[in-house]
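# Structure at a glance
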Amino acid sequence: MHPRSSPPSIFISYAHSNGEDFARFLRLILIEEYRFGVWQDRTKMQVGEAWWQQIVAALTSEIE
């Protein structure tokens, strides 16, 4: 097994109707305690741009 040069990136998918609070909490833990790169729509999506293309781009490229 090769050591990682950077921590893994994580894409958070959740239901806004009942999962947003937990997703926010999970995102903070993953970033602050584990230093993972995390993509969550509420923090990474650009208003006015096609949402589906943004999600596909996040899934197919390295998450910042």
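Our subject is the structure that appears above.
## Quick look at the overall build of the chain
The helix and strand inventory of the chain stands at 3 helices and 2 strands. Reading the secondary structure of the chain in the N-to-C direction produces β-α-β-α-α. Taking all 64 residues of the chain together, 25% fall into the buried category. A fraction of 56% describes how many contacts in the chain between residues 6 or more apart in sequence connect residues 24 or more apart. Approximately 5200 Å² of the chain is accessible, and the part contributed by carbon and sulfur atoms is 55%.

## Some thoughts on the packing of aromatic side chains
Counting across every chain of the model gives 4 aromatic pairs. For the ring pair Phe 11 and Trp 39, a centre distance of 4.9 Å and an interplane angle of 5 degrees mean the geometry is stacked. With Phe 11 in strand S1 (residues 9–11) and Trp 39 in strand S2 (residues 37–39), this residue pair connects regions lying 28 residues apart in the sequence. The partly exposed category is assigned to Phe 11, whose relative accessible area is 26%.

The rules we used
- Residues numbered from 1 in each chain as written.
- Predicted model: local features only at pLDDT ≥ 70, side-chain atom pairs only at ≥ 80, totals over all residues.
- Heavy atoms only, no water.
- Helix = DSSP H or I, 4+ residues; strand = E, 2+ residues; numbered from the N terminus.
- Buried < 20%, exposed > 50% of the residue type's maximum accessible area, 1.4 Å probe, protein only.
- Contact = heavy atoms within 4.5 Å.
- Areas by Shrake-Rupley, 256 points an atom, 1.4 Å probe, with all protein chains shown as cover.
- Phe/Tyr/Trp six-rings, centres within 6.5 Å; stacked < 30°, edge-to-face > 60°.

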